[in-house]
Amino acid sequence: HLVNGDVNRFKQLGIIIGLTGEEAFKLIPFDRLRDRYRIKGGSEEEGRLLAIIAQIARTAKEGTAGLVGEIFDLYADQAGENLDDLNKLLQAFSYFVRVVNFHHDFESMVLEGDIGQVNNEAYFVSLRDLRRTIEIVKKNFAKRVDIKTAIAQAVKRRYYNRLNPEDKGRVRELMQTHRIIS
C-alpha cells in the first residue's frame, strides 16, 4: 500500500529496502509515524515521509528502524507536529551516527595502542560513555543549541578533554574525519 501506484514512491522504497535490508525495513515504524503526523495513506505527505526515511537510511543502513524508533522515543517533544519537524529531527540523527562511528574508532585506537601509550587509564570507553555523550547532546539540543554544536561540545567533554596532550592531535583528526568538528 506504500507504493500506491507512484513510481517515485517505488524508487524511495527500493532505496530504503536496498540500504536497510528486507527484515530491517519491516521494523520501521511507519504506522506510528503516520499516526503521529496524521498522514493519510496514499497522500503527498506519505510520499514525503518515504523520502525522509530514504535519506536517513543512506546513513543508518540496517539500523534505520531501531534508530528512528529510539530517536523518536527519546525526542518525542522535539519531533513536533509536522513532517518538517520530523525531518529536522531525523537529519539531526545523522549526527548521532557520526558520534557512534567516532566512539567505535576512538575505542579501536585505544585498544590498538594508537593513543594512550603514556597513560591510557582514562581512555577506555564503554557504551555508558556513548550514552552519556548522547544525553549531553539531548540537554543542549533541548536548549536550542544547534545539533552540530551540541555534538561537538559533548564529544569534546566526554572524549577530548580527558586526553593526554600528545594524543589530542590524533583525536582532533578523528573528530574531523567524522565531521564532528570542522
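You'll find the structure just up there.
Residues numbered from 1 in each chain as written. Predicted model: local features only at pLDDT ≥ 70, side-chain atom pairs only at ≥ 80, totals over all residues. Heavy atoms only, no water.

Chemist: Explain the pattern of salt bridges to me, using residue names and the numbers behind them.
Modeler: The tally for this structure, following the rule as stated, stands at nine salt bridges. Residues Asp 84 and Arg 48 are paired through a salt bridge, measuring 2.6 Å at the closest nitrogen-oxygen approach. Here Arg 48 lies in helix 4 (residues 44-60) and Asp 84 lies in helix 6 (residues 83-111), a separation of 36 residues in the sequence. Note on Asp 84: relative accessible area 41%, which makes it partly exposed. As a salt-bridge pair, Arg 131 and Glu 135 come within 3.6 Å of each other at their nearest N and O atoms. Of this pair, Arg 131 and Glu 135 are both found in helix 7 (residues 127-142), four residues apart, which corresponds to roughly one turn of the helix. Judged by relative accessible area, which is 40%, Glu 135 ranks as partly exposed. Here the salt bridges do not stand alone but share partners, grouping Arg 9, Asp 31, Arg 34 and Glu 46 into one network. (Salt bridge = Lys/Arg side-chain N within 4 Å of Asp/Glu carboxyl O. Helix = DSSP H or I, 4+ residues; strand = E, 2+ residues; numbered from the N terminus. Buried < 20%, exposed > 50% of the residue type's maximum accessible area, 1.4 Å probe, protein only.)

Chemist: Now, about the side chain of Thr 133: what can you tell me, with residues and values included?
Modeler: Here Thr 133 is to be found in helix 7. When its relative accessible area of 0% is taken as the criterion, Thr 133 is described as buried. Among the polar contacts made by the side chain of Thr 133, one reaches the main-chain carbonyl oxygen of Asp 129 at a distance of 2.7 Å. With sequence-adjacent residues up to four places away left out, Thr 133 is seen in contact with Val 99, Ala 154, Val 155, Arg 158 and Tyr 159. (Polar contact = N/O pair within 3.5 Å; in protein donor to acceptor, adjacent residues only side chain to side chain. Contact = heavy atoms within 4.5 Å.)

Chemist: So what about the packing of helix 6 against helix 7? Which residues, and what values?
Modeler: A pair of packed helices is captured by two measures, namely the crossing angle of their axes and the spacing between those axes. Contact pair helix 6 / helix 7: the axes reach a minimum separation of 11 Å and the direction vectors enclose 150°. Taken as axis vectors, helix 6 and helix 7 run roughly antiparallel relative to one another. Our pair here, helix 6 against helix 7, has a crossing hand that is right-handed. Together, Leu 89, Phe 96, Val 99, Val 100 and His 103 of helix 6 and Leu 127, Asp 129, Leu 130, Thr 133, Ile 134, Val 137 and Phe 141 of helix 7 make up the contact between the two elements. (Axes fitted to C-alpha atoms, helices over the stretch in contact; angles between N-to-C directions. Parallel < 35°, antiparallel > 145°, perpendicular 65-115°, else oblique. Left-handed = near helix turned anticlockwise from the far one by under 90°.)

Chemist: I'd like to hear about helix 1 (residues 7-20), residue by residue, with values.
Modeler: Relative to the 20 Å expected for 14 residues at 1.5 Å per residue, helix 1 spans 20 Å between its end C-alpha atoms, a close match to the ideal helical length. Among the residues of helix 1, those classed as buried are Arg 9, Leu 13, Ile 16 and Thr 20. Within helix 1, the buried residues cover an arc of 60° as seen down the axis, which keeps them to one side. Summarising the geometry of helix 1, the exposed residues directed more than 90 degrees from the buried face are Val 7, Phe 10 and Gly 18. Sitting at the amino-terminal end of helix 1 is Asp 6, which places a side-chain oxygen 2.7 Å from the backbone nitrogen of Asn 8. Among the residues trailing helix 1, Gly 21 stands out with phi positive, at a value near 95°. (Expected span 1.5 Å × (residues − 1). Arc of directions from axis to C-beta.)

Chemist: Give me unusual backbone geometry: which residues, what numbers.
Modeler: We note that Arg 38 has phi near 50°; this positive angle belongs to a residue other than glycine. By the element assignment, Arg 38 lies in the loop between helix 3 (30-36) and helix 4. A residue is classified by how much of its surface remains accessible, and Arg 38, at 59% relative accessible area, is exposed. In the Ramachandran plot, Arg 144 falls in the positive-phi region, its phi being about 75° despite a non-glycine side chain.

Chemist: Describe in detail the packing of aromatic side chains, supporting the description with residues and values.
Modeler: Under the definition given, this model contains five aromatic pairs. Between Phe 102 and Phe 106, the aromatic rings sit 6.0 Å apart at their centres with planes inclined by 35°, giving tilted as the arrangement. Highlighted residues: Phe 102 and Phe 106, both in helix 6, separated by four residues, approximately one helical turn. The residues Phe 102 and Phe 106 share a single accessibility class, namely buried. Linked through ring pairs, Phe 102, Phe 106, Tyr 123 and Tyr 159 together constitute an aromatic cluster. Across the ring face of Tyr 95, the terminal group of Arg 98 is positioned such that the distance to the ring centre comes to 4.2 Å. (Phe/Tyr/Trp six-rings, centres within 6.5 Å; stacked < 30°, edge-to-face > 60°. Lys NZ or Arg CZ within 6 Å of the ring centre and 35° of its normal.)

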